[in-house]
Amino acid sequence: MAQKLDRTQVVDTALRLLNETGLDGLTLRRIAAELDCKAPALYWHFANKQALLDELATEMLRRMLAADEPPAADAPWQEWATTTCRVLRRTLLSYRDGAKVFSGTRLTETVHAERLDAQLRSFVRAGFTPADAVQAYFTAYAFTIGFVIEEQAVHPLPGEHADGYDTAERAERIGPDHPLAADAGAGLFSDYERRFERGLAIVVAGIEATRG
């Protein structure tokens, strides 16, 4: 059975199971059971779960790059930054725990290099140093990853709502002695689309305001 498996089968199955079980429930044993094989058969392809997660993140990126056209090569850096962050968020939201899987993984291919190079060039054309371009890119990227991690804690998948985020119950629990904190729930745990766009605008404005 091990010789009949290939990496593509394992990755496709793992991404499907990820949406069912979440990151914590995604194990090599569970994937092997789904593929009707023994777990050691998967070690021909992935030495451990982290190696699998690295490949899952790379496959997410492959699919993202294949599905979305980048901005024009001569587009301003603001367009590159906002488009990249919007597409990344949309991609990660399509997988349960997608942002957690993507964060901190090591890509197994250089499939991202061409798009990243073009984005960095958009900054350099505008007068950023290469180092400042990298800092600007990373700031926008980190905002997006962190935002989606928090978003998926409340909405694991589009249309789902996790327990424990009832804003009215939260406000009552915090109580009247801390009115601003009590009323903050709506601004913390709802309306993610608007808040992402607002946060992204703040990031872009901050990059512009602090550029060297």
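- If you look the chain up in an unreviewed UniProt entry, it shows as TetR family transcriptional regulator from Kitasatospora atroaurantiaca.

### Observations regarding the overall build of the chain
Phase 1: From N to C terminus, the chain includes 12 helices and 0 strands.
Phase 2: In terms of overall dimensions, the chain has C-alpha extents of about 55 × 50 × 25 Å along its principal axes.
Phase 3: The 212 residues of the chain split such that 40% are buried.
Phase 4: Of all intrachain contacts in the chain linking residues separated by at least 6 positions in sequence, the fraction that spans at least 24 positions is 70%.
Phase 5: Just so you have it, the chain exposes about 11,800 Å², and 54% of that area is on carbon and sulfur atoms.
Phase 6: Treating the 24 positive side-chain charges of the chain as one cloud and the 31 negative ones as another, the clouds have centres 4 Å apart.

### Structural notes on the nonpolar core
Across soluble globular proteins, nonpolar side chains have a tendency to be buried as a group.
Phase 1: Among the nonpolar cores identified, the biggest contains 36 residues, and Ile-31, Leu-42 and Leu-56 are the most heavily contacted of them.
Phase 2: Counting only elements with at least two residues in this core, the list comes to α1 (7-25), α2 (28-34), α3 (39-42), α4 (49-67), α5 (77-93), α6 (98-102) and α8 (130-154).
Phase 3: No other element matches the 8 residues that α4 contributes to this core.
Phase 4: Setting aside anything within four residues of it in sequence, one finds Leu-56 in contact with Val-11, Ala-14, Leu-15, Leu-26 and Val-101.
Phase 5: One finds Leu-120, Ala-140, Phe-196 and Leu-200 within the second-largest nonpolar core, a separate group that totals 17 residues.

### Digging into the environment of Arg-29
Phase 1: Positionally, Arg-29 belongs in helix α2.
Phase 2: With 10 residues separating them in the primary sequence, Arg-29 and Ala-39 have C-alpha atoms 5.1 Å apart.

### Examining the pattern of salt bridges
Charged atoms that come close allow side chains of opposite charge to pair.
Phase 1: Throughout the structure, instances matching the rule amount to 17 salt bridges.
Phase 2: The salt bridge partner of Glu-59 is Arg-63, with a shortest N-O separation of 2.9 Å. Highlighted residues: Glu-59 and Arg-63, both in helix α4, separated by 4 residues, approximately one helical turn.
Phase 3: On the accessibility criterion, Glu-59 (16% relative accessible area) is buried.
Phase 4: Here Glu-193 ties to Arg-89 by a salt bridge, and the two come within 2.9 Å at their closest N and O atoms. Residue Glu-193 is found in helix α12 (residues 192-210), and its partner Arg-89 is found in helix α5; the two are separated by 104 residues along the sequence.
Phase 5: You can call Arg-89 buried: its relative accessible area is 7%.
Phase 6: The network of salt bridges with shared partners includes Arg-7, Asp-12, Glu-55, Glu-59, Arg-62, Arg-63 and Glu-109.

### Structural notes on the packing of α8 against α12
Phase 1: Interhelical geometry of α8 versus α12 gives an angle of 160° and a closest axis separation of 10 Å. As the angle between them shows, α8 and α12 are arranged roughly antiparallel. Along this stretch, α8 crosses α12, giving a crossing that reads as right-handed. Contacts between α8 and α12 pair Ala-136, Thr-139, Ala-140, Phe-143, Thr-144, Phe-147, Glu-150, Glu-151 and Val-154 from the former with Tyr-192, Arg-195, Phe-196, Gly-199, Leu-200, Val-203 and Ile-207 from the latter.

### Side note on the UniProt feature "domain: HTH tetR-type" (unreviewed entry) in the chain
Phase 1: The UniProt feature table records "domain: HTH tetR-type" (unreviewed entry) at residues 4-64.
Phase 2: Between the end C-alpha atoms of residues 4-64 the distance is 28 Å, and the span holds 75% helix and 0% strand.

### Section: unusual backbone geometry
Phase 1: Non-glycine residue Asp-36 carries a positive phi angle of around 60°.
Phase 2: With respect to the helices, strands and loops of the structure, Asp-36 is situated in the loop between α2 and α3.
Phase 3: One non-glycine residue, Asp-97, lies in the positive phi region at around 60°.

Reading guide: rules and limits
All residue numbers refer to positions counted from 1 along the written sequence of the respective chain. Local features in a predicted model are, by the rule used here, given only for residues with pLDDT of at least 70; side-chain atom pairs are given and counted only at 80 or more, and totals for whole chains, interfaces and linings are based on all residues. Each side-chain value is worked out from all heavy atoms of the structure, with water and hydrogens disregarded. Here a helix means four or more residues in a row that DSSP labels H or I, a strand means two or more in a row labelled E, and each is numbered from the N terminus. Relative accessibility under 20% of the residue-type maximum defines a buried residue, over 50% an exposed one, and the middle range a partly exposed one, all with a 1.4 Å probe and only protein chains included. Only heavy atoms enter the contact rule, under which two residues are in contact if any of them lie within 4.5 Å. Only the protein chains shown count as cover for residues, with accessible areas throughout obtained via the Shrake-Rupley method and a probe of 1.4 Å. Note that His is not counted, nor are the chain ends; the positive residues are Lys and Arg, and the negative ones are Asp and Glu. Note that the charge is assigned to NZ on lysines, CZ on arginines, CG on aspartates and CD on glutamates. As used in this record, nonpolar core signifies buried Ala, Val, Leu, Ile, Met, Phe, Trp, Tyr and Cys residues forming a set joined through side-chain atoms within 4.5 Å. A pair is scored as a salt bridge if a Lys or Arg side-chain nitrogen falls within 4 Å of a carboxyl oxygen belonging to Asp or Glu. Only the stretch in contact is used when a helix axis is fitted, and all axes are lines through C-alpha atoms; the angle between N-to-C directions ranges over 0 to 180 degrees. To sort the angles, those under 35 degrees are grouped as roughly parallel, those over 145 as roughly antiparallel, those from 65 to 115 as roughly perpendicular, and the leftovers as oblique. Crossing handedness is read from the near helix: turned anticlockwise from the far helix by less than a right angle, it gives a left-handed crossing, and turned clockwise, a right-handed one. UniProt positions are given in the numbering used here, feature names are shortened, and annotations may be inferred rather than shown by experiment.

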